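As a plain string of letters, each chain reads:
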Amino acid sequence: MSETAKIIIENKTFEFPVVVGTENEKAIDTSKLRDTTGYVTYDDGYGNTASCESSITFIDGETGILRYRGYDIQDLAVQSNFIESAYLVIYGELPTVQQLQNFRHLILRNAAIHQGMFSFFEAFPNNSHPMAILSAMLNSLGCYYPEMATNNRQRDLEQLDNAATILLSKVRTLAAMSYRMKHGLPFIHPKPELPYCSNFLHMMFSEPYVDYKFNPVIDRALNLILLLHADHEQNCSTSTVRMVASGGANLFASASAGVCALWGPAHGGANMAVIHMLEEIHKAGDDGSSFVAAAKSGDKTKRLMGFGHRVYKNYDPRAKILKKTCAEVLNTLGVSDPLLDIALKLEEIATHDEYFLARKLYPNVDFYSGIIMRAIGIPVDMFTVMFAIGRMPGWIGHWRELATSKSPIHRPRQIYIGSPRREYVPIDKR
Ligand code: CMC
């Protein structure tokens, strides 16, 4: 007989099924708790709540394991690339030669932006944040492809191959366009012969008649950053995508909501915050030790950015890979970045400090990714946009998983702690 959990409430015992995942992680299925007991579960921030069953990503935060569809992130980082891993995350299996060719073809074919969207860029103020632009643009894609954004599950699913490749391809074009607009530079059109990351670098940095000079180490590093961000199970933005999708919203609207959720400094915005922190430390002439001392105060505004994770209580495996890549990129470019020296010093201090050890705070993915992107020439305010480009396969994969499941509209409960009922008093009598 399968395992059950007993909950005793008001001296009565209730039994609930235990759900067991592939890797033996266990959860108590409390979906009928309210019906049988009148109680709901309370878990502020969902830190201890499995909101769904998913077969996309497995994380063991205690030991620092991350797998996409069963494949270790280290193996994918060495042997795969962003596009192949994107296919894996979305569809569940590594592609055959033919499947990968079709997928690449659709991505290439969808790189350009509808002429009508160019005028949107003119309307945004020059100092607009690229995340705001990206979210607005991704949502508006649904207006250009209404047959893929019907908000009818079945019809949207039938169009998924097209909608997915439009999003994967255009998110990169839109990101590059927002950068060019901000810097008053003419837009550069994608080149059909270029692979994914090279095409992005071309749209970002080529000039009319002067092509960007490609470097395989940079291309590989960018591929790696995107691949390592491709999915991370039920994080804030992915849960948002699933939440929006659960109401029946189309893929473009759901991904656009994901961008908004990603923006905050505790989530995707942390990669920007890391560079700001390192610059601040550098400007102050600190070697990092004063900053670490302040970070231990418990003051949230002084946290060591790029450290700590809700799930990882060990070194984030993505940070390990990027630390190595970071050194390779700086070597290749012949750049010596004082921020890398500070980052290494911070890591050295924090990973030997009782405060950080006791709380299991280790570098996360954002700690080294920013230094790599800075070396490539990507401005700091584009860092979270890069995260969004990388996370797109995960958002699409989760949208697909949700849309093909029997999951109902997501509608959590709450514990109301406001005023009890009171009489309305007209304004002249208050
Ligand atoms: N620096 C100093 N102290 C910290 C830090 C930090 N970066 N992170 C957590 N703590 C302390 C915190 O003060 C608390 O101490 P105490 O128990 O004495 O009150 C304890 O560690 C637990 O912190 P928490 O806020 O309850 O942990 P959480 O799981 O809710 O927060 C986090 C996770 C990522 C929001 C947090 O570690 C943080 O703010 N880190 C810095 C921002 C950052 O790098 N975010 C990127 C996350 S990775 C990208 C992604 O997947 O989105």
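Being a predicted model, the structure only gives us computed values, none of them experimental.

Cut-offs used in this document
- Per-chain numbering applies: the sequence of each chain, read as written, is numbered from 1 onward.
- Residue-level local features of this predicted model are given only where pLDDT is at least 70; pairs of side-chain atoms are given and counted only at 80 or more, and the full residue set underlies all totals for whole chains, interfaces and linings.
- Hydrogens and water are ignored here; the side-chain numbers use all heavy atoms of the structure.
- Strands are runs of DSSP state E lasting at least two residues, helices are runs of H or I lasting at least four, and both sets are numbered from the N terminus onward.
- We compute the radius of gyration over the C-alpha atoms and compare it with the globule rule, which gives 2.2 Å times the number of residues raised to the power 0.38.
- Exposure categories follow from relative accessible area, calculated using a 1.4 Å probe and restricted to protein chains: below 20% of the type maximum is buried, above 50% is exposed, and the middle band is partly exposed.
- In this description, contact between two residues means that some pair of their heavy atoms is separated by no more than 4.5 Å.
- All accessible areas in this document rest on Shrake-Rupley with a 1.4 Å probe, and a residue is counted as covered only by the protein chains that are shown.
- Between N-to-C directions, angles cover 0 to 180 degrees, with each direction set by a line fitted to C-alpha atoms, over the stretch in contact for helices.
- Crossings are classed by handedness, with left-handed meaning an anticlockwise turn of the near helix from the far one by less than a right angle and right-handed meaning a clockwise turn.
- Under the scheme applied here, ten amino acids are nonpolar (Ala, Val, Leu, Ile, Met, Phe, Trp, Tyr, Cys and Pro), four are charged (Asp, Glu, Lys and Arg), and all others, including Gly, are polar.
- Strands were regarded as paired on the criterion that DSSP finds at least two bridges between them.

Chemist: Can you walk me through the overall build of the protein chain in this structure?
Modeler: Regarding its fold elements, the protein chain presents 19 helices and 6 strands. Against the globule reference of 22 Å for 430 residues, the protein chain gives a C-alpha radius of gyration of 23 Å, in line with a compact fold. Its C-alpha atoms give the protein chain principal-axis dimensions of roughly 75 × 65 × 55 Å. Counting across all 430 residues of the protein chain, residues that qualify as buried make up 49%. The long-range share in the protein chain, meaning contacts at least 24 apart out of those at least 6 apart in sequence, stands at 71%. Of the roughly 21600 Å² that the protein chain leaves accessible, carbon and sulfur atoms contribute 53%.

Chemist: Even after reading the chapter, I still don't get the packing of helix α10 (residues 216-228) against helix α18 (residues 366-376), so can you show me in this structure?
Modeler: When two helices pack together, their arrangement is given by the angle between their axes and by how far apart the axes lie. Running from N to C, α10 and α18 cross one another at 145°; their axes reach a closest spacing of 11 Å. Once α10 is placed against α18, the crossing between them reads as left-handed. Facing I218, A221 and I225 of α10, the residues of α18 in contact are S369, I372, M373 and I376. A breakdown of the residues in the contact of α10 with α18 according to their chemical character gives 6 nonpolar, 1 polar and no charged.

Chemist: Could you clarify how one ought to interpret the pairing of strand β4 (residues 57-60) in this entry?
Modeler: In the case of a regular strand, side chains alternate between the two sheet surfaces. In this structure, β4 lies alongside strand β5 (residues 65-68), joined through 4 bridges in antiparallel fashion. Within β5, the position partnered with D60 by the bridge is I65. In this structure, the hairpin formed by β4 and β5 is closed by a connection of 4 residues, where G64 is found at a positive phi of approximately 75°.

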